[in-house]
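Examination of the molecular architecture
These are the residues of each chain, in order.
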Amino acid sequence: MSRLHLDIRRWTLGIVALLACGLQQRPVQSVLAAQPEPPPPEATVYTVQPGDTLFGIAQQFGVSVDALAAANGLDDPGHINVGQRLIIPVPVESAEEVLVHAVEPGEALWSISLHYGLSPLELAAANHMLRSDTLFLGGTLNVPQHAGDHPPPCRLAHYTGDGETLASLALRYDTSPWSLAAANGICSPFLSRPGHAVWVPAETEVIDWPDPFAGFQIHPTPAVQGRTLSIGISLTLPVSLTGSFHGTPQTFFSTPGAARALTGIDALSETGIRTLVVTASLESGALARYVQRILVVPGEYSEEIVTISEDVAAALTPQVVQSEAESLDQLFLARTPSRLWQGRFVLPSPGDITSAFGTRRHYNLQTSSSYHTGTDLGVIIGTPVYAPADGVVVAAEPLTVRGNIIIIDHGWGVMSGFWHLSEILVEAGETVVRGQQVGSSGSTGQSTGPHLHWEMRVGGVPVDALQWVNEEFP
Ligand SMILES: [Zn+2]
């Protein structure tokens, strides 16, 4: 489109005749080669073809519909006639191209605006946001490309710790405290707070991450309601990490050179920007902190009405339901420090999904905020149930609401539960491997019919098990 437009502008005299015949797509190089290059035109003319709309024409020539309508005195842009000759105005050359910047860990509006040679206000305005708005991983920013005097790009260099000032950081990075203050939008080099991210001009000798942090990965981005979020922190030395995500404590498990936390995002949790805070305790006793904003988006779950017969409903007294749930919650609190699974999970049974995880449920037409905490597979009674991944059985027993259950601990706070079984073939404490039969499906407990309910919990929170079948964690 823009290419065509450029050609037209350069070669207007030769092309206008062709345009008028509706042959604007025909290559014109051979015609043009014989002629001297004409001066740039003020405007060109286009003859309306069958099927044309003003919008389509405007798009084709890279001009706005308004400009096109104004140039031709059109009162009703919806009404143009075949054969009508339209003046195509010269588009404004300064119309800005927009570059899209994907927000990376540790970035802030300040650093990104500095990187592109813009003021934070300009960048905020181009994205219809306030300067105080928070950026989030997985988000993008439109960067207007009015190339000006680009100051040197900046990189995240350091988080200030106790007793650290811009002056001491400047010494370390061989720069002046005033340049650091300017690069960070701080009016005085003596006004920095512990935990502040400080940006240092890139040409100075800088380190990328505050020791001992060496990198940060999350999967998926953005995070999704009702799904598992994997958080990886690369480390320069083995340290113990503590952290919280949106106020919920996270357990970090050690792997070579890194630490990893798996967090279940509650299916009913509010969406939006959440904060992850990770703290490393150094040998010296000092604490290093890493803060990251992460976007959580809706899981887009459907709704269903579940009808429960009167006698079943009578058996489901709040006390029975609650005490059973609470005893299971205790089991789900375990955070086995070793990772017992490898690779993707397999489906525990071959049935079709009859009720997906996260489906908002209305029991007997009552409005309620509950949701389906598992994945139901439609299988007849007696269908083998296989361990979806390696682990250790932590429960194998009959319950009132869930019927015969098996719970497998896969380590790192990841667990699978199977409800309503007709048969249990394992015992608590037993090690199982992926694909091993652990029981048979049924309809025991308060079940609406034969099916296998597969519940997965990560950090105690019910999550969509199918994510573990489709993706490999961590
Ligand atoms: Zn279910």
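Conventions used here
Residues numbered from 1 in each chain as written. Predicted model: local features only at pLDDT ≥ 70, side-chain atom pairs only at ≥ 80, totals over all residues. Heavy atoms only, no water. Donors = N, O, S within 2.8 Å, 3.2 Å for Na, K, Ca; no water. Helix = DSSP H or I, 4+ residues; strand = E, 2+ residues; numbered from the N terminus. Buried < 20%, exposed > 50% of the residue type's maximum accessible area, 1.4 Å probe, protein only. Expected span 1.5 Å × (residues − 1). Arc of directions from axis to C-beta. Salt bridge = Lys/Arg side-chain N within 4 Å of Asp/Glu carboxyl O. Core = buried A, V, L, I, M, F, W, Y, C linked by side-chain atoms within 4.5 Å. Contact = heavy atoms within 4.5 Å.

**Here's the deal with the coordination of the zinc ion**
- Coordination of the zinc ion by the protein is provided by H372 (NE2), D376 (OD) and H453 (ND1), with metal-donor distances spanning 2.0 to 2.1 Å.
- All donors of the zinc ion belong to a single chain; written as a sequence motif, their spacing is H-x3-D-x76-H. Remark: H453 occurs in strand β27 (residues 452-458) and D376 occurs in strand β19 (residues 374-378); sequence separation between them is 77 residues. Taken individually, D376 and H453 each receive the classification buried, so the pair is uniform in this respect.

**A look at helix α11 (residues 318-332)**
- Helix length check: α11 (15 residues) gives 21 Å between terminal C-alpha atoms against 21 Å at 1.5 Å per residue, within 8%.
- Taken residue by residue, α11 has E324, L328 and F332 as its buried positions. Down the axis of α11, the buried side of the element spans an arc of 85°, and every buried residue falls inside it. Away from the buried face of α11 by more than 90 degrees, exposed residues P318, Q319 and Q330 are located.

**What about the pattern of salt bridges?**
- Across all of its chains, the model carries 4 salt bridges by this definition.
- A salt bridge links R457 to D329; its shortest N-O distance comes to 3.3 Å. Remark: D329 occurs in helix α11 and R457 occurs in strand β27; sequence separation between them is 128 residues.
- Salt-bridge contacts for E455 lead to R457; the nearest nitrogen and oxygen are separated by 2.9 Å. Each member of the pair, E455 as well as R457, carries the same accessibility label: buried.
- Each member of the salt-bridge network shares a partner with another, and the members are D329, E455 and R457.

**Digging into the nonpolar core**
- Counting residues in each nonpolar core, the largest one holds 28 residues, and the members touching the most others are W341, F345 and W468.
- When contributions to this core are tallied by element, the ones reaching two or more residues are β22 (403-411), β23 (414-421), β27 and α12 (466-470).
- Ranked by residue count, the leading element in this core is β27, at 4 residues.
- In this structure, W341 is in contact with L262, A389, D390, H410, G411, W412, V414, W468, F473 and P474, ignoring residues within four places of it in sequence.
- Core analysis: the second largest hydrophobic core is formed by 22 residues, A223, L235, A259 and I294 among them.

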